[in-house]
Amino acid sequence: MTPPEGPHGSGGPGAHAVAPFREDMLRGLAATPKRLSPKYFYDQAGALLFDAICDLPEYYPTRAELSIVEAHVHELTAQLGDRVRVVEPGAGSGTKVRLLLKELGPERCTEYLPVDIAGEHLAETARQLRVELPWLRVAPFAGDFTVHLPEAATDGARTLVYFPGSTLGNFEPADAERLLVRFGRLAGADGAVLLGVDLKKDPRLLHAAYNDAQGVTAAFNRNVLVRMNRELGADFDLDAFAHYAFFEPRLGRVEMHLVSLRRQTVRVAGHPFDFELGESIHTECSYKYDLRSIERLAESAKLALSKAWLDEDHHFAVLLLRPTP
Ligand code: AVI
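If you're wondering where the values come from, they're calculated on a predicted model, not measured in any experiment.

Undergrad: Even after reading the chapter, I still don't get empty space enclosed by the protein, so can you show me in this structure?
TA: A probe as big as a water molecule, rolled over the atoms, marks out the empty space that is left. According to the stated counting rule, one finds 2 cavities of 30 Å³ or more in the structure shown. Put simply, the largest cavity is a space of about 50 Å³. For the largest cavity, the full set of lining residues is Gln79, Leu80, Val84, Arg158, Thr159, Leu160, Asp190, Gly191, Ala192 and Arg322. Considering each element in turn, the lining of the largest cavity owes the most residues, 3 residues, to strand β5 (residues 158-163).

Following this line, the structure appears as structure tokens:
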């Protein structure tokens, strides 16, 4: 799959408009092989399903990353300077960033700008943060961070672009590089990018993480069909598509698919799409890195690795990257 953009959307503030969703779905289903951008997982229901995934016993990345930030938050924030503005593309529920914001505190943190395509979810996160951290200036931006990012700071604060969760892995390498270039520009010469990436590991752990026993990941995957049924008048029979996820070692990525369990024709926005028995819709790639490959990717985006922190199992890494001239 080559999602032209990342997982959290296209169309900026209008990302929830039906038109781009409709066009992208029709184009993806007409392609060979059929493929959809993972950004369309994240409507309100999808964002909640993703939060549930993060709590699953099999889905180690969230806990691993949290353990890194918890263990090193002091050292981490010490690298950032006296006045910091935190921008978080694809912010979601903002669990990890709370640790950073609390450690920076009112003296050092000038502003927090969460950017996310799931607008209602974002508004709720911002509301909760304002209650929890009343001193914090929160400026939420509902939109697609692959298209729109806030302007560079003008008040002398340094910008930290915080991109946790290994969301970078949901981008094809060339798109990931382009995204990192934009993050570097936003950070500016004296700013930094703090990046969370999932590392290569025993494929059995990866397999379990994307095939949880409770079927939450399967529901998350099928949510794009639910959206098409609701928003585009499609007639997908959810039971006629299997959630199928596996690690592809040659490409270093987990792939998620929805596989047709019978020969069938589905109508989407009035257009018929034929499926063979066993034909797949490729819905997501989740690239896994090693430290060398992610450092090389960062360097190609003019970002130098300043420091890397790993969890004790070496499942996940948090990297501090600084723009190079
Ligand atoms: C958001 N992203 C980093 C998740 C991942 O692991 O690639 C999305 C996800 N897909 C299935 N489970 C979680």
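Let's pick the thread back up.
Undergrad: Where do I start with the sheet that holds strand β7 (residues 241-248) in this structure?
TA: The strands that make up a sheet are held in pairs by hydrogen bonds between backbone atoms, and each pair lies either parallel or antiparallel. The strand order β1-β11-β8-β7 describes an open sheet built from 4 strands, whose pairing is mixed. Every interior strand has two partners, whereas the edge strands, β1 (34-35) and β7, have only one. Pairing of β1 with strand β11 (residues 280-287) involves 2 bridges; the strand directions are parallel. By the bridge assignment for β11, Arg35 is matched with His282.

Undergrad: What am I meant to see in the packing of helix α4 (residues 95-108) against helix α5 (residues 119-132) here?
TA: When two helices pack together, you describe them by how their axes are tilted relative to each other and by the distance separating the axes. Interaxial distance between α4 and α5 falls to 12 Å at its minimum, and their mutual angle equals 30°. The two elements α4 and α5 cross, and the hand of that crossing is right-handed. In this structure, α4 uses Arg98, Leu101 and Lys102 to contact α5, whose residues at the interface are Gln128, Leu129 and Glu132. Each residue belonging to the contact of α4 with α5 can be placed in one class, and the counts come to 2 nonpolar, 1 polar and 3 charged.

Undergrad: Would you take a moment to explain the site of the ligand for this structure?
TA: For the ligand, the set of nearby residues contains 14 residues, the closest of which are Tyr59, Asn170, Tyr210, Glu284 and Ser286. Glu284 places a polar side-chain atom, nitrogen or oxygen, 2.8 Å from a nitrogen atom of the ligand. Within the side chain of Ser286, one N or O atom sits 2.6 Å away from an oxygen atom of the ligand. Starting from 340 Å² of accessible surface for the ligand in isolation, the protein chains cover 99%.

Cut-off values and rules
- For every chain, the first residue of the written sequence is number 1, and numbering continues from 1 onward in sequence order.
- Since the coordinates come from a predicted model, pLDDT governs what is reported: local features require at least 70, and pairs of side-chain atoms require 80 or more to be given and counted, while whole-chain, interface and lining totals use all residues.
- Heavy atoms throughout the structure, all of them, feed into the side-chain values; hydrogens and water do not.
- Buriedness for pockets is judged along seven lines, at least five of which must meet protein on both sides within 12 Å for an open set on the 1 Å grid over protein atoms alone, while cavities are sets there where a 1.4 Å probe fits but cannot get out, and lining residues have an atom within 4 Å of a point.
- Grid points are joined across faces, edges and corners, and a volume is the space filled by probe spheres set on the points.
- Here a strand is any run of E in DSSP of at least two residues, a helix any run of H or I of at least four, and the numbering for each starts at the N terminus.
- By this definition, two strands are paired if DSSP reports at least two bridges between them.
- Angular values range over 0 to 180 degrees, each being the angle between N-to-C directions of two axes fitted as lines to C-alpha atoms, with helices fitted over their stretch in contact.
- By definition, any crossing whose near helix is turned counterclockwise from its far helix by less than a right angle is left-handed, and any crossing with a clockwise turn is right-handed.
- Contact definition: two residues touch when any of their heavy atoms are within 4.5 Å.
- Under the convention adopted here, Pro, Cys and the residues Ala, Val, Leu, Ile, Met, Phe, Trp and Tyr are nonpolar, Asp, Glu, Lys and Arg are charged, and Gly plus all remaining residues are polar.
- Proximity is defined per residue: if any heavy atom of the residue lies within 4 Å of a molecule or strand, that residue is considered near it.
- We call two N or O atoms a polar contact when they sit within 3.5 Å, provided that within protein one can donate a hydrogen and the other can accept it, with sequence-adjacent residues counted only if both atoms are side-chain atoms.
- Using a 1.4 Å probe, the Shrake-Rupley method yields the accessible areas, and only the shown protein chains count as cover for residues.

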